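Commentary on secondary and tertiary structure
Listed below, chain by chain, are the residues.
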Amino acid sequence: MDMKSQRKVSLVGSEEPLAEIMAKITSALLGNGPALAFGPVQSSFAPDSIAVVVTTTGSTGVAKEVALTAQAVIASAQASHKFLGAKIGQRWSLLLPLTHIAGVNVLVRCLELQSQPIDLRNFDGEFPHADYTAIVPTQLYRALHGDERLLRHLQSAKAVLVGGAHLPRHLRDQAEHHKITIVTTYGMSETSGGCVYNGKPLDGIKIEIDAHSLVRISGNTLASTYLNAESEWQKSFDGTWFTTQDIGEYADGYLQILGRDDEIIISGGENVSLSTIDELLSLHFP
């Protein structure tokens, strides 16, 4: 490995104060500090252009180290804010762990808005107001079924991004009934997090469905490689398009994710989606 063109990778500790992490990520994005690794990253060096490294297992069970440039994660934050109409000084709350891209994105968005994140990961007492936040469907379910503190926090936000897993229609309906402004997001570590909001690609993102019904993504938020599995990256990325394992379609102009290619089983000669089974079961056993 040619160290002259490499950048040191520094692992972010789970117990580090958020103020210190914000300072480090600022340096990483500006290029005057090491690249930051979030999660169980083993690589010590990355290409000089890389600023953030996160891990993802996808469907293989093997952690892949997703390498992202400063331009990619900043483009993601800017596109998110354009969709939301966010303004300088507005604040995000952090309800997600920093071991995944969704949590890291909250920090980058705050940098773009010149504000500080409100850290609610281990917070006691009434949650303070935040203009925006990001959660997963399980957290939304808890807010709607007993966690009154979280419910009030979500209700007071201008928008609540929900991603990381499929959001069942009935759960979204419940949230809207409780006056929570939901924005569904679709994306992955390889796209610097959510790149499709409410079924529409963000600025700078293009989506197509290939001949096998797989979702393909192109745009300025794409990762550069897998540090520990470059050959795997090359299988999915052709230089322009990243091919996911998600099965999708367009309905009335909106992208719908129908399941994953690796979650289709054959039963009685029929293709059966495990995601569809999961959604049907959740209606009766939430």
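Now for a description of the structure that goes with this document. The structure displayed is predicted, hence computed values, not measured ones. (Residues numbered from 1 in each chain as written. Predicted model: local features only at pLDDT ≥ 70, side-chain atom pairs only at ≥ 80, totals over all residues. Heavy atoms only, no water.)

1. A few points about the pairing of strand S8 (residues 132-135)
- Because side chains alternate across S8, one face comprises the buried residues Tyr132 and Ala134, and the other comprises Thr133 and Ile135, equally buried.
- As paired elements, strand S6 (residues 92-94) and S8 share two bridges and run parallel to each other. Looking across to S8, one finds that Ser93 is bridged to Thr133.
- By the bridge criterion, four bridges tie S8 to strand S9 (residues 159-162) in an arrangement that is parallel. Considered in S9, the bridge of Ile135 is made with Val162. (Buried < 20%, exposed > 50% of the residue type's maximum accessible area, 1.4 Å probe, protein only. Helix = DSSP H or I, 4+ residues; strand = E, 2+ residues; numbered from the N terminus. Pairing = 2+ DSSP bridges.)

2. Remarks on the packing of aromatic side chains
- For the structure shown, the criterion picks out six aromatic pairs.
- Taking 5.1 Å as the distance between ring centres and 80° as the angle between the ring planes, the aromatic pair formed by Phe83 and Tyr197 counts as edge-to-face. Residue Phe83 is found in helix H2 (residues 70-84), and its partner Tyr197 is found in strand S11 (residues 193-197); the two are separated by 114 residues along the sequence.
- The class for Phe83 is partly exposed, based on a relative accessible area of 37%.
- Plain terms: the ring middles of Trp233 and Phe237 are 5.3 Å apart, the flat faces sit at 35° to each other, and that makes the pair tilted.
- Residue classification places Phe237 among the partly exposed residues on the basis of a relative accessible area of 22%.
- Of the aromatic side chains, those joined through ring pairs into one cluster are Tyr226, Trp233, Phe237 and Phe242.
- It is Arg109 that lies over the ring of Trp92; its NZ or CZ is 4.6 Å from the centre.
- We note Lys200 situated over the ring of Tyr254; from NZ or CZ to the ring centre the distance is 4.6 Å. (Phe/Tyr/Trp six-rings, centres within 6.5 Å; stacked < 30°, edge-to-face > 60°. Lys NZ or Arg CZ within 6 Å of the ring centre and 35° of its normal.)

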